[in-house]
Amino acid sequence: MLRIVIVVAAFLFPAAAAAEAWGPPTADYSAVLSFTDGRGETLSHRIAHTAKRQRLDYKIGDREEIVVVDHEAAAVFVLYPQQKRYRKAALVQPEFDLGVGRADTKRERVGEEEVAGHKAAKYRVEAKTAQGQEFRGFAWLSAERVLLKLDGEVTQGRRKRRLTMIASEIKIGPLDEAVFRVPADYGLLEDKRK
């Protein structure tokens, strides 16, 4: 079930903070995000994020998948590296941060801590995504609003799950645009439902 929480979140950022600006990260970055649920199951995903494009690499069982959200192309590309194939779908607005960055999220700054070698502001948050997931707990954000850590509970309908996320291998700064391109040797998978 942890996999469902992460994949849905990918489609995977006020009382005391009212004066601060909120929204998506203010800098390009890449990181490895490790999610652990209440049963101790851990999944890791690699994320690359710019204002115009985001990429999420993950596994479903033994199958590797990559999702590239491209705002300029107004499309989402799902790549299947083992098959050298991809699908193209209509653009959806990703919420890689479970709604923490939304303007209507309730936040209270509770301190500062170091996370993965980065100075982070710690907030108590109540957030909700467009898909209806709710997150309550703590979120740690860098000065660039990069989500470095989460610790709390995710609710989807009647189902509640404990969830922690910690970022590692964090690189803040310009990214190579090639990581967001569909490789030239990948073939398009047609939607058979048409």
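What you see is a predicted model, and the numbers here were worked out from it, not measured in a lab. (Residues numbered from 1 in each chain as written. Predicted model: local features only at pLDDT ≥ 70, side-chain atom pairs only at ≥ 80, totals over all residues. Heavy atoms only, no water.)

1. Observations regarding the pattern of salt bridges
Here is the rule: Between Lys or Arg on one side and Asp or Glu on the other, a salt bridge is scored when a side-chain nitrogen of the former is within 4 Å of a carboxyl oxygen of the latter. Strands are runs of DSSP state E lasting at least 2 residues, helices are runs of H or I lasting at least 4, and numbering of each runs from the N terminus. Buried, partly exposed and exposed residues are distinguished by accessible area as a fraction of the type maximum, computed with a 1.4 Å probe on protein chains only: under 20%, between the cut-offs, and over 50%, respectively.
Applying the stated criterion across every chain, the model contains 18 salt bridges. Glu72 is the partner of Lys52 in a salt bridge, and the nearest nitrogen-oxygen pair spans 3.1 Å. Here Glu72 lies in the loop between β4 (63-70) and β5 (75-80) and Lys52 lies in the loop between β2 (42-49) and β3 (53-60), a separation of 20 residues in the sequence. Overall, Lys52 belongs to the partly exposed group, its relative accessible area being 45%. Between Glu153 and Lys160 there is a salt bridge whose closest N-O contact spans 4.0 Å. Among the ionic contacts, a cluster of salt bridges with common partners joins Lys52, Arg53, Asp70, Glu72 and Glu177.

2. Re the sheet that holds β5
Through backbone hydrogen bonds, the strands of a sheet pair up, either in parallel or in antiparallel fashion. Condition: For two strands to count as paired, DSSP must find a minimum of two bridges between them.
The twelve strands are arranged β7-β8-β9-β10-β11-β1-β2-β3-β4-β5-β6-β12 in an open sheet whose pairing can be described as mixed. Two strands close off the open sheet at either side, each with one partner strand: β7 (106-115) and β12 (187-188). Where strand β6 (residues 85-90) and β12 come together, two bridges link them in parallel fashion. If you follow Arg85 over to β12, its bridge partner there is Gly187.

3. Things to note about the pairing of strand β8 (residues 118-128)
Note: β7 against β8, nine bridges, orientation antiparallel. Within β8, the residue paired with Glu108 across the bridge is Arg124. Counted along the chain from β7 to the antiparallel partner β8, the turn is two residues long, and its residue Ala116 has a positive phi close to 50°. By the bridge criterion, eight bridges tie β8 to strand β9 (residues 134-141) in an arrangement that is antiparallel.

4. Looking at the packing of aromatic side chains
For clarity, the cut-off: Pairing of aromatic rings covers Phe, Tyr and Trp, the last through its six-membered ring, and needs centres within 6.5 Å; plane angles under 30 degrees mean stacked, over 60 mean edge-to-face, and all others mean tilted.
Taken as a whole and judged by the stated rule, the model has two aromatic pairs. Measuring from centroid to centroid gives 6.2 Å for Phe77 and Tyr86, while their planes differ by 55°, and the two rings are tilted. Phe77 gets classed as buried once you look at its relative accessible area, which sits at 13%. Overall, Tyr86 belongs to the buried group, its relative accessible area being 16%.

5. Remarks on the pairing of strand β10 (residues 147-156)
Direction of pairing for β9 relative to β10: antiparallel, over a ladder of eight bridges. From the neighbouring strand, Phe135 faces β10, where its bridge partner is Val154. Hairpin connection between β9 and β10: a loop of five residues separates the two successive antiparallel strands, and Arg145 in this loop has a positive phi of roughly 65°. In this sheet, strand β11 (residues 159-172) lies alongside β10 in antiparallel orientation, the contact comprising eight bridges. Bridged to Gln156 within β11 is Arg159. Between the end of β10 and the start of β11, which pair antiparallel, lie two residues, with Gly157 showing a positive phi angle near 65°.

The quantities given are spatial measurements derived from coordinates; they are silent on function.
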